[in-house]
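Report on the structure
For reference, the chains in residue letters:
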Amino acid sequence: MRGMFSFCPVCNNQVLSNELEWHVNSHFEEDELDRDMELAQQVAMAPPSPTNSISIEVDISFEDYGEASQASSSTAGKANRDQEISHLAKVQLKSDFYRVEGGLLNLLRTCLYNEGNNCSSIVSGYVDHYQTLRSDRGWGCGWRNIQMLSSNLLHERKEAKQVLFGGSQFVPDIPALQRWLELAWQRGFDQIGSSHYDRNIYGTKRWIGTTECAAIFRSFGLKARIVDFDSTESGGSRMNGKKRGRYADLHGPMDKFVVRGVGSDTQTNGRSSDVIETLGRQVLVDWVWKYFTGLTSGRFDVSQRITVSEKTPLYFQHDGHSRTIVGIQMQKGFRGSEDRFSLLILDPGHKTADLEKALRRQKGWQGMIKRGPHTLKKPQYQLCYIDPGIVSSAEMEQLKTIDSTLGRPNKTRPI
């Protein structure tokens, strides 16, 4: 978005979009505690002995390693990668988080139920909230959202629990996730995106987005998918300064709700920018409704106040920040008025204790979690979700190239 401006999530000042990451990080450059904590994490993650193990230190040269792998046999190369994965699975640390007794989403479902008969909500089964800490303030939201998605997968999907993070059965901390991403790049996942980081992200404060989220989960054989929502007239898709690839086919349950290979400029000619933005917001909300209500078993009953969804939460990205969508609520219209929709969103920028307090008191939680279409003021959004199942070894190669699909308008309102 060359020449465009964004608001800093820390000071709320307007800065050039291509300087936003540098500007946000500048707020925290003098925070010595951050550096001390980061160094301590790196030391804790360091291999115990360089003699008999493959080192994956922060300064590892992936180019040199790639050349060495080419010189050796493919069997030896695979053995090296397997050894690195095995080593990381052993030394990775479990991420600390504020645990809510009874589960945060159970509290949310109680609040939603008590809003009355004219509302129908559908919410993911389980999610732990991972809040941004002082050590990752200003850059860690993407990693925190990956942790939220991981908590759902480990709790709800048996097949994911067996393969995620070396079968550790817990959510790793940010340094471990950074190493998992580097290993995914080393194995060939998202080669175009990895070049944006010079294939090196461990120990840095670099921002990440939906493609990095998808690369991590795909490296374990999970079917992570990306959908773009673009209300700009040009139809170009750029998120956090990274140019997206072409819109490609999506193979999964949501395939029928996306349009392939069609730029937004063919759909917006003759419309004002306000109309385009309104359409873009509604397309996103409609898509989220279809996603959560498209149950893999049974049929969604709109007359029910609360339904527990079998779907994973959604990694929700826009320029400058990312959050996690855990569900959606429909408030039925009165006397012919249209139904109103609210996305149900967990923001890593909120303190978990504050969320719990508001939900237990059933007061003030709406302002922290519910977001209507009018709040979606960014021109571009991306979602990442994960279809059920694990791909075969032969299908893994297809997952290495990460493309996105373009959300399209629904011809009819959700019913």
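Keep in mind the model is a prediction, meaning the values are calculated, not measured.

Here is what the cut-offs are and how they apply
- Residues numbered from 1 in each chain as written.
- Predicted model: local features only at pLDDT ≥ 70, side-chain atom pairs only at ≥ 80, totals over all residues.
- Heavy atoms only, no water.
- Helix = DSSP H or I, 4+ residues; strand = E, 2+ residues; numbered from the N terminus.
- Buried < 20%, exposed > 50% of the residue type's maximum accessible area, 1.4 Å probe, protein only.
- Contact = heavy atoms within 4.5 Å.
- Areas by Shrake-Rupley, 256 points an atom, 1.4 Å probe, with all protein chains shown as cover.
- Axes fitted to C-alpha atoms, helices over the stretch in contact; angles between N-to-C directions.
- Parallel < 35°, antiparallel > 145°, perpendicular 65-115°, else oblique.
- Nonpolar A, V, L, I, M, F, W, Y, C, P; charged D, E, K, R; others polar.
- Arc of directions from axis to C-beta.
- Salt bridge = Lys/Arg side-chain N within 4 Å of Asp/Glu carboxyl O.
- Pairing = 2+ DSSP bridges.
- Left-handed = near helix turned anticlockwise from the far one by under 90°.
- Phe/Tyr/Trp six-rings, centres within 6.5 Å; stacked < 30°, edge-to-face > 60°.
- Lys NZ or Arg CZ within 6 Å of the ring centre and 35° of its normal.

Within the protein chain, the regular secondary structure consists of 14 helices and 14 strands. Relative to its full complement of 415 residues, the protein chain shows a buried share of 51%. Restricting to contacts in the protein chain with at least 6 residues of sequence separation, those with at least 24 account for 74%. Per element, the accessible surface of the protein chain, about 19500 Å² overall, is 48% carbon and sulfur.

Where helix 8 (residues 174-186) contacts helix 10 (residues 210-218), the axes come no closer than 9 Å and their chain directions differ by 80°. Here helix 8 is positioned roughly perpendicular relative to helix 10, judged by the angle of their axes. Between helix 8 and helix 10, the contacting residues are Leu-177, Leu-181, Ala-184 and Trp-185 on the first element and Glu-212, Ala-215 and Ile-216 on the second. Among the residues making up the contact of helix 8 with helix 10, the classes are represented as six nonpolar, no polar and one charged.

This paragraph deals with helix 12 (residues 352-361). Because an α-helix completes one turn every 3.6 residues, residues spaced three or four positions apart along the sequence face the same direction. Regarding helix 12, the residues found buried are Thr-352, Leu-355, Glu-356, Ala-358 and Leu-359. The buried residues of helix 12 occupy an angular sector of 165° when the element is viewed end-on, so they sit on one face. Where helix 12 is buried, its residues touch helix 5 (104-113), strand 11 (340-346) and helix 13 (366-369). Positive backbone phi, approximately 55°, marks Gln-362, located one or two places after helix 12.

Enumeration according to the criterion identifies five salt bridges in this entry. Close ionic contact of Lys-370 with Glu-115 constitutes a salt bridge, the shortest N to O distance being 3.3 Å. Placement of the pair is Lys-370 in strand 12 (residues 370-371) and Glu-115 in the loop between helix 5 and strand 3 (119-124), with a sequence separation of 255 residues. Residue classification places Lys-370 among the buried residues on the basis of a relative accessible area of 19%. We note a salt bridge from Lys-400 to Glu-397, for which the minimum N-O separation is 2.8 Å.

Below, the discussion takes up the pairing of strand 4 (residues 222-230). Burial analysis of strand 4 places eight of its nine residues in the buried class, which makes it a mostly covered element. Pairing of strand 4 with strand 13 (residues 380-390), which is carried by nine bridges, proceeds in the antiparallel orientation. Its bridge partner being in strand 13, Arg-225 is matched across the sheet by Tyr-385. Sheet topology places strand 4 next to strand 14 (residues 405-407); two bridges connect them, and they run parallel. Its bridge partner lying in strand 14, Val-227 is registered against Thr-405.

Counted residue by residue, helix 5 has seven buried out of 10 residues, so it is predominantly covered. Residues of helix 5 that are buried make contact with strand 3, strand 8 (306-309), strand 10 (321-331), strand 11, helix 12 and helix 13.

So, about unusual backbone geometry. You will see that Phe-165, though not glycine, has its phi angle at about 55°, which is positive. When you line up the elements, Phe-165 lands in the loop between helix 7 (158-163) and helix 8. We note that Arg-199 has phi near 60°; this positive angle belongs to a residue other than glycine. The topology assignment puts Arg-199 in the loop between helix 9 (191-195) and helix 10.

On to the packing of helix 6 (residues 141-156) against helix 10. Contact geometry for helix 6 and helix 10: axes closest at 10 Å, N-to-C directions at 35°. The way helix 6 lies across helix 10 gives a crossing that is right-handed. Together, Trp-143, Ile-146, Leu-149, Ser-150 and Leu-153 of helix 6 and Cys-213, Ile-216 and Phe-217 of helix 10 make up the contact between the two elements. Class assignment for the residues of the contact of helix 6 with helix 10 results in seven nonpolar, one polar and no charged.

With that settled, consider the packing of aromatic side chains. Applying the stated criterion across every chain yields a total of 12 aromatic pairs. Note on Trp-180 and Phe-220: the rings are 5.2 Å apart at their centroids and 65° apart in plane angle, and the pair reads as edge-to-face. Of this pair, Trp-180 sits in helix 8 while Phe-220 sits in the loop between helix 10 and strand 4; the two residues are 40 residues apart in sequence, bridging distant segments of the chain. For the pair shown, Trp-180 and Phe-220 are each scored as buried. The structure contains a cluster of three or more aromatic residues connected by ring pairs, namely Phe-229, Trp-287, Tyr-291, Phe-292 and Tyr-385. Over the face of the ring belonging to Tyr-291 we find Lys-311, whose NZ or CZ atom lies 4.6 Å from the ring centre.

Just geometry here; none of it tells us what the structure is for.
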